[in-house]
Amino acid sequence: PKRKAAVDADSGSSAASPARASKADPKTWTDAQTLQFLQALGIDATQFEQDGVTAEVLLVLTEEEFVTLGTGKVQARLLVSELASLKQGIALELDSSDPIIAAVATVLLRRMSDEDTAVRAQSIGALAQLKLSDRRAAAPVAAKLKDPHPLVRRAAASALATLAEQGDKKVIE
């Protein structure tokens, strides 16, 4: 049976529930989709593009190689882990007609639970910019209004306002 992950509003983690399966296989991404994935995560993909980094190459890069390509050390650490998960075929946590956006949203939802405050705050803001049609993106963002760090709470409030401006007025309710 096909399964779909449901987002836990308090933690941003997922728990599988019966429904459609939605998986992103980075091995099938085109070069343009690979660059789109990196850019949507806030990474300057210029060096990746100049060096001809394909999805296949992206999946085997080490942290050191990501840093050489221009990512920061924290971003490199996150990417290695997240790409390994995507390569294993994790179920996507949100629906999207675009599998790259769905993969990015899944990565960002997971980053919202990172121990690094700046990573949590950045991922909240980036998630709001994706213009997802899946309303379930708002619940984990709203849960971050209770985060112990004010930077994360401000990012969550701003993201909820952005989501509401994008047409989902019920986000604020």
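The structure displayed is predicted, hence computed values, not measured ones.

This paragraph deals with the overall build of the protein chain. Regarding its fold elements, the protein chain presents nine helices and two strands. Starting at the N terminus, the α and β elements of the protein chain follow one another as β-β-α-α-α-α-α-α-α-α-α. Here the protein chain holds 173 residues, and 46% of them are scored as buried. Long-range contacts, defined as pairs at least 24 residues apart, comprise 52% of the intrachain contacts of the protein chain with a sequence gap of at least 6.

The subject of this paragraph is helix H5 (residues 73–87). Counted at 1.5 Å a residue, the expected span for H5 with its 15 residues is 21 Å, and the 21 Å between its end C-alpha atoms agrees. Along H5, the residues that are buried comprise Gln75, Ala76, Leu78, Leu79, Glu82, Leu83, Ser85 and Leu86. Elements that come into contact with the buried residues of H5 comprise helix H1 (31–40), helix H3 (55–58), helix H4 (63–68), helix H6 (99–111) and helix H7 (117–129).

Another aspect to go through is the nonpolar core. Core analysis: the biggest nonpolar cluster contains 44 residues, and Phe37, Phe48, Leu58 and Leu127 have the highest contact counts within it. Per-element accounting of this core gives the leading share, eight residues, to H6. Residues in contact with Leu127, not counting those within four places in the same chain, are Ala105, Leu108, Leu109, Met112, Leu132, Ala137 and Val141.

In this section: the side chain of Arg120. Relative to the helices and strands, Arg120 is located in helix H7. With relative accessibility at 9%, the residue Arg120 sits in the buried group. For Arg120, the residues in contact, after removing those within four places along its chain, are Arg111, Met112, Ser113, Asp114, Glu115, Lys144, Asp147, His149 and Val152.

Moving on to the pattern of salt bridges. In total, this model carries three salt bridges according to the counting rule given. The partner of Asp114 in a salt bridge is Arg77, with the nearest N and O atoms 3.5 Å apart. Placement of the pair is Asp114 in the loop between H6 and H7 and Arg77 in helix H5, with a sequence separation of 37 residues. On the basis of relative accessible area, Arg77 is assigned to the partly exposed category, the value being 34%. In this structure, the salt-bridge partner of Glu82 is Arg111, at a minimum N-O distance of 2.7 Å. Of this pair, Glu82 sits in helix H5 while Arg111 sits in helix H6, and the two are 29 residues apart along the sequence. Per residue, the accessibility class of Glu82 equals that of Arg111, and both read buried.

The rules behind the values
Residues numbered from 1 in each chain as written. Predicted model: local features only at pLDDT ≥ 70, side-chain atom pairs only at ≥ 80, totals over all residues. Heavy atoms only, no water. Helix = DSSP H or I, 4+ residues; strand = E, 2+ residues; numbered from the N terminus. Buried < 20%, exposed > 50% of the residue type's maximum accessible area, 1.4 Å probe, protein only. Contact = heavy atoms within 4.5 Å. Expected span 1.5 Å × (residues − 1). Core = buried A, V, L, I, M, F, W, Y, C linked by side-chain atoms within 4.5 Å. Salt bridge = Lys/Arg side-chain N within 4 Å of Asp/Glu carboxyl O.

No statement about biological role is implied by the geometric values presented.
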